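Reading the structure
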Amino acid sequence: MKIIVQICRFFVAFTFIFSGFVKLIDPLGSAYKFQEYFGADVLNLEFLIPYALPFSILLILAEIMLGVMLLVGYLPKFTVWSLLLLITVFLFLTWYSAYYNKVTDCGCFGDAVKLSTWGTFYKNVVLVVLILVLVWKSKLITPIISVPIAKWSTFLSFFAFLYITYYVLVHLPIIDFRPYAIGENIPEGMKFVGQELPPIHDFYLESNDGENLTDKVLSDKKALLVIMYNISKSDRDGFTNIKKVTDMALKNGYTVYALSASLNDEFIDIKEEFELNFDMLFCDETTLKTIIRANPGILTLQEGTVTGKWNWIDTDKVKFN
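Residues numbered from 1 in each chain as written. Predicted model: local features only at pLDDT ≥ 70, side-chain atom pairs only at ≥ 80, totals over all residues. Heavy atoms only, no water.

**Let's talk about the environment of Pro198**
- Relative to the assigned elements, Pro198 resides in the loop between helix 7 (186–189) and helix 8 (214–219).
- Residues Pro198 and Pro179, 19 residues apart in the sequence, show an inter-C-alpha distance of 9.8 Å.
- Among all residues touching Pro198, those that are not within four sequence positions of it are Gly189, Met190, Lys191 and Phe192. (Helix = DSSP H or I, 4+ residues; strand = E, 2+ residues; numbered from the N terminus. Contact = heavy atoms within 4.5 Å.)

Shown next as structure tokens:
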């Protein structure tokens, strides 16, 4: 029985650590997912939407820390009961998503691994069974080396995870699993392979007069795009930096556009206030949130291939070819 418990222990621990880590490096992605869950057409908890980011951070930290605590053997009884509570919440959410087909991607493994809604639910069923075994035999879970080492490993891991969370929120995710990662070619990502939906299926750029400029932008040899999915929610402190970097880009022969899902009138106000020398193209809000976790953020393209991504706070690092 002891061998079975250890197998369950390490499988559950590594699953929670991996799942927590791929979300820890992109907490905004998890926040966007919770906004979907809290929406009127899913759980109808719209009053929680403003708290989606802190909620996601707390849940991510709980997930990855419980995985670490189970791995090192720190406070095993508290850990396994907490895991059971957490997986019960996940089980309900994934069942709800699958049964009612509300949220087609639960984001359980961030953007790193995509599972079907029912596949995710059954994965959680397996985890529930394994965690119940650990609850039943929690006395067999002991520290890998010693109690002090397990304790300090837990504390140090917590502070390391806090720092990673802070860093990626100020800058950008340290690992980008999305189809708009640096080096990815957007036109290639828009091609169908068999009957599967392409990884990029909603990238469409439209001018204020209704002209489709998608192909033009993707064929430019040098393009710089200012991404601001919602202008009213953009960090206004960032537009001073945006002004400097876009002026420099224009001097270096770049085509420059702003991409937003906001009304053009909102952009005109920003354009006049900060004396911006470029126009705005309309793009879907979800697409813009997927492209870059910044508002505003900078994306550079070379004939449709992503060559650079920066948060507005890092515009001094933007490189021009």
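Resuming the write-up.
**Observations regarding the nonpolar core**
- Of all hydrophobic cores here, the largest spans 47 residues; its most connected members are Val12, Phe16, Leu70, Ile87, Ile131, Leu134 and Phe161.
- For this core, the elements supplying multiple residues, two or more each, are helix 1 (2–24), helix 2 (27–38), helix 3 (52–72), helix 4 (76–100), helix 5 (117–136) and helix 6 (147–170).
- At 13 residues, helix 3 tops the list of elements feeding residues into this core.
- When neighbours within four sequence positions are excluded, Val12 is seen to be in contact with Leu70, Leu83, Leu127, Leu130, Ile131 and Leu134. (Core = buried A, V, L, I, M, F, W, Y, C linked by side-chain atoms within 4.5 Å. Buried < 20%, exposed > 50% of the residue type's maximum accessible area, 1.4 Å probe, protein only.)

**Description of helix 4**
- Compared with an ideal rise of 1.5 Å per residue, which puts 25 residues at 36 Å, helix 4 spans 36 Å between its outermost C-alpha atoms and is within 8% of the ideal.
- Immediately beyond the C-terminal end of helix 4, within one or two residues, lies Asn101, with a positive phi of roughly 55 degrees. (Expected span 1.5 Å × (residues − 1).)

**Regarding the pairing of strand 4 (residues 297–302)**
- For strand 4, the buried fraction is high: five of the six residues fall into the buried class.
- The sheet contact formed by strand 1 (residues 223–227) and strand 4 spans five bridges and is antiparallel. Residue pairing in the sheet places Ala223 in a bridge with Leu301 of strand 4.
- The pairing of strand 4 with strand 5 (residues 305–311) spans six bridges and is classified as antiparallel. Residue pairing for strand 5: Gly297 is matched across the bridge by Asn311. (Pairing = 2+ DSSP bridges.)

**Remarks on the pattern of salt bridges**
- One pass over the structure, following the stated rule, counts 12 salt bridges.
- One salt bridge in this structure joins Glu273 and Arg236, with 2.2 Å as the shortest N-O distance. With Glu273 in helix 10 (residues 264–274) and Arg236 in the loop between strand 1 and helix 9 (238–251), this pair connects stretches of sequence that are 37 residues apart.
- One continuous salt-bridge network, built from bridges that share partners, spans Asp176, Arg178 and Lys309. (Salt bridge = Lys/Arg side-chain N within 4 Å of Asp/Glu carboxyl O.)

**A closer look at the side chain of Thr79**
- Following the sequence through the fold, Thr79 ends up in helix 4.
- By relative accessible area, Thr79 is classed as buried at 0%.
- When near neighbours in sequence (up to four residues on either side) are disregarded, Thr79 contacts Leu66, Met69, Leu70 and Tyr74.

**Quick look at the packing of aromatic side chains**
- All chains considered together, the criterion is met by 19 aromatic pairs.
- Ring geometry for Phe92 against Tyr96: centres 5.9 Å apart, planes inclined by 45 degrees, an arrangement best described as tilted. Highlighted residues: Phe92 and Tyr96, both in helix 4, separated by four residues, approximately one helical turn.
- Looking at Phe92, the relative accessible area reads 44%, which means it is partly exposed.
- Tyr96 sits in the buried class, given a relative accessible area of 16%.
- Put simply, the rings of Phe34, Tyr37, Phe38 and Phe55 pair up and form one aromatic cluster. (Phe/Tyr/Trp six-rings, centres within 6.5 Å; stacked < 30°, edge-to-face > 60°.)

**Remarks on the sheet that holds strand 4**
- Across the sheet, five strands lie side by side as 3-2-1-4-5; this open sheet has mixed pairing. Both outer strands of the open sheet, strand 3 (279–282) and strand 5, are each paired with one neighbouring strand and no more. With strand direction ignored, the average angle separating the axes of adjacent strands in the sheet is 30 degrees.
- In this fold helix 9 packs onto strand 1, strand 2 (255–260) and strand 4, with an angle of close to 165 degrees to the strand it touches most, strand 1. (Axes fitted to C-alpha atoms, helices over the stretch in contact; angles between N-to-C directions.)

**Brief notes about the environment of Gly73**
- Along the chain, Gly73 turns up in the loop between helix 3 and helix 4.
- Judged by its relative accessible area of 3%, Gly73 is buried.
- Those residues within four positions of Gly73 in sequence are excluded, and the remaining contacts are Arg9, Thr142, Pro143 and Ala150.

**Re the pairing of strand 3**
- Pairing between strand 2 and strand 3: four bridges, direction parallel. Each bridged residue has a counterpart across the sheet, and for Ala258 the counterpart in strand 3 is Met280.
- After leaving strand 2, the chain enters helix 10 and then returns to the sheet as strand 3, a path that is right-handed. (Right-handed = clockwise from strand over helix to strand, strands pointing away.)

**Considerations on the packing of helix 1 against helix 5**
- Contact pair helix 1 / helix 5: the axes reach a minimum separation of 9 Å and the direction vectors enclose 130 degrees. Between helix 1 and helix 5, the crossing angle belongs to the class labelled oblique. Where helix 1 crosses over helix 5, the handedness of that crossing is left-handed. In this structure, helix 1 uses Val5, Cys8, Arg9, Phe11, Val12, Thr15 and Phe16 to contact helix 5, whose residues at the interface are Leu127, Leu130, Ile131, Val133 and Leu134.
- Residue classes in the contact of helix 1 with helix 5 are distributed as 10 nonpolar, one polar and one charged. (Parallel < 35°, antiparallel > 145°, perpendicular 65-115°, else oblique. Left-handed = near helix turned anticlockwise from the far one by under 90°. Nonpolar A, V, L, I, M, F, W, Y, C, P; charged D, E, K, R; others polar.)

So, to be careful, I would describe these as geometric facts and stop short of saying anything about function.
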